[in-house]
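Observations on the three-dimensional arrangement
For reference, the chains in residue letters:
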Amino acid sequence: MSEIGATRNQKITGHLFALFTTLVWGSCFVLTKVMLNAFTPIQIIPLRMGLAYLALWALRPKTLKLPWKDELMFILIGITGGSVYFFLQNTAAAHTSAANVSILVSMSPIITVILAQFFSRRGEKLGKWVYMGAVVAIAGVIMVVLNGTLTFHLSPLGDLLALAAALMWAVYSILIKKYTERYDNFLVTRRVFLWAFLTAVPLMLITDGMPSLTPLFTQPGILLSWLFLGVFGNAVCFALWNIAFKNLGVVITNNYLYATPFVTVVVGWLLLGEKISLMSILGAVLITIGVVFANKEGK
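The sections below set out a description of the structure shown in this document.

Here is what the cut-offs are and how they apply
Within every chain, residues take consecutive numbers counted from 1 along the sequence as written. The predicted origin of the model limits local features to residues at a pLDDT of at least 70 and limits the giving and counting of side-chain atom pairs to 80 or more, whereas totals for whole chains, interfaces and linings rest on all residues. Side-chain metrics rest on all non-hydrogen atoms present in the structure, leaving aside hydrogens and water. The way it works is that DSSP assigns letters per residue, a run of H or I at least four long becomes a helix, a run of E at least two long becomes a strand, and they are numbered from the N terminus. Exposed residues in this analysis have more than 50% of their type's maximum accessible area, buried residues have under 20%, and partly exposed residues fall in between, with area computed by a 1.4 Å probe over protein chains only. By definition in these notes, contact holds between two residues if any of their heavy atoms fall within 4.5 Å. Per-residue accessibility takes into account occlusion by the displayed protein chains alone, with areas from the Shrake-Rupley method and a 1.4 Å probe. For helices, the axis comes from a line fit to the C-alpha atoms of the stretch in contact; other axes are also lines fit to C-alpha atoms, and the angle between any two N-to-C directions lies between 0 and 180 degrees. The labels follow the angle: roughly parallel below 35 degrees, roughly antiparallel above 145, roughly perpendicular from 65 to 115, and oblique for the rest. Residues are grouped as follows: Ala, Val, Leu, Ile, Met, Phe, Trp, Tyr, Cys and Pro are nonpolar; Asp, Glu, Lys and Arg are charged; all remaining types, including Gly, are polar. Two aromatic rings, drawn from Phe, Tyr or Trp (for Trp, its six-membered ring), form a pair once their centres lie within 6.5 Å of each other, and the interplanar angle then sorts them: stacked below 30 degrees, edge-to-face above 60, tilted otherwise. By this rule the span expected of a helix is its residue count minus one, scaled by 1.5 Å. In this analysis the local bend is the angle between axes fitted, respectively, to the seven residues ending at and the seven residues starting at the residue. What qualifies as a polar contact is a pair of N or O atoms within 3.5 Å, subject to a donor-acceptor requirement within protein and to the restriction that residues adjacent in sequence count only when both atoms come from side chains. Salt bridge, as used here, is a side-chain nitrogen of Lys or Arg placed within 4 Å of a carboxyl oxygen of Asp or Glu. The patches reported here contain residues having more than 30% relative accessible area and no salt bridge. Joining distances are 9 Å for like charges and 5 Å for nonpolar side chains (Val, Leu, Ile, Met, Phe, Trp, Tyr).

Within the protein chain, the regular secondary structure consists of 13 helices and zero strands. Reading the protein chain from its N terminus to its C terminus gives the helix and strand order α-α-α-α-α-α-α-α-α-α-α-α-α. Split into buried and exposed, the 299 residues of the protein chain put 53% on the buried side. The long-range share in the protein chain, meaning contacts at least 24 apart out of those at least 6 apart in sequence, stands at 88%. Accessible surface, the protein chain: about 13900 Å² in total, of which carbon and sulfur atoms supply 71%.

The following block contains the structure:
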């Protein structure tokens, strides 16, 4: 009975962490717009990763010794879930519309479902409810992102980059799962950001070059946005998300990502005065129904 209770509590904790993280990540898109007033999209990546690494050192000042095989895997995880993921996402935004990027990146949960069928060891072999939920949630995501405009223009290069970003996140989700079970989650997340930072710096140098850090210390809005993105959006929420992976599995946890576009719309309305259409509200309802359907299989 105690084991059943512990499992139930772990699942509740996982759902709460995933929900909290979704709310924060949805807000990150709005605060990233603030940072874009001083930095390029590529320059923001190492700024966020470096701050997240330092924040996790402050939260958990312990060392983590890894076998070389695990270290190599963490390099790959840092690339797929950090530097290259954000690089692809930000570069896609330069070649296609923000709506296209949001919709296509939101496909990562269903890509995770597909990958999980082939690579997961246990507990990820999900059936019809996950797929039904994914279809309903994706329809909701499209309604939220279009936000009443009813326009969706294909841009092959940008759209392919956005899909590649979704694939990177799905791969990250599958790879990180076993390490959340083996090591301390905060130490795991810190190692991911170390390699994300180290691999993001070369990408930045060969594209946009080294940024001036002056705006971080002269413009309060940019400083606060950087602190929120690095400390909460990356350090805290990636750690909580990894705990949710451990408690719920990668498929169920990633289903919460469907709600991120609607959170972004709401935060944009609150902070930037952007409008919310009836289509967005209906889309939010579909997203909720889709996530409930997907979680039904997990239960």
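Closest axis-to-axis distance for the helix α7 (residues 156-182)/helix α10 (residues 220-248) pair is 9 Å, and the angle between their directions is 75 degrees. Taken together, the axes of α7 and α10 lie roughly perpendicular to each other. Of the residues in α10, those in contact with W169, Y172, S173, I176, K177, T180 and E181 of α7 are F238, W241, N242, F245 and K246. Within the contact of α7 with α10, the residues separate by chemical class into six nonpolar, three polar and three charged.

Attention shifts here to the packing of aromatic side chains. As enumerated under the stated definition, the model contains 13 aromatic pairs in all. Geometrically, the ring pair formed by F74 and Y179 is tilted, given 5.0 Å between the ring centres and 50 degrees between the ring planes. Separated by 105 residues along the polypeptide, F74 in helix α3 (residues 68-93) and Y179 in helix α7 bring together distant segments of the chain. Comparing F74 with Y179, the two get one shared label, buried. With a centroid separation of 6.2 Å and an interplanar angle of 65 degrees, the aromatic rings of Y172 and F238 are classed as edge-to-face.

Look at α7: 40 Å from first C-alpha to last across 27 residues, which is about the 39 Å you get at 1.5 Å a residue. Its maximal kink placed at I176, α7 deviates by approximately 30 degrees.

Here helix α8 (residues 185-207) contains 23 residues, and its C-alpha end-to-end distance of 32 Å stays within 8% of the 33 Å for a straight helix at 1.5 Å per residue. Sitting at the amino-terminal end of α8 is D184, which places a side-chain oxygen 2.8 Å from the backbone nitrogen of F186. Downstream of α8 by a residue or two, G209 has a phi angle that is positive, lying close to 85 degrees.

Time to look at the pattern of salt bridges. Taken as a whole and assessed by the stated rule, the structure comprises four salt bridges. The salt bridge involving R191 is made with E71; its shortest N-O contact spans 2.8 Å. On the criterion of sequence distance, the pair formed by R191 in helix α8 and E71 in helix α3 is long-range, its members being 120 residues apart. You can call R191 buried: its relative accessible area is 15%.

This paragraph deals with a nonpolar patch on the surface. On the surface, a nonpolar cluster with roughly 860 Å² of combined accessible area is contributed by W269, L270, L271, I276, L278, I281, L282, V285 and I289. Those elements that provide at least two residues to the nonpolar patch are α12 (260-272) and α13 (278-298). If one sorts the elements of the nonpolar patch by residue count, α13 sits on top with five residues. Tracing the sequence through the fold places W269 in helix α12.

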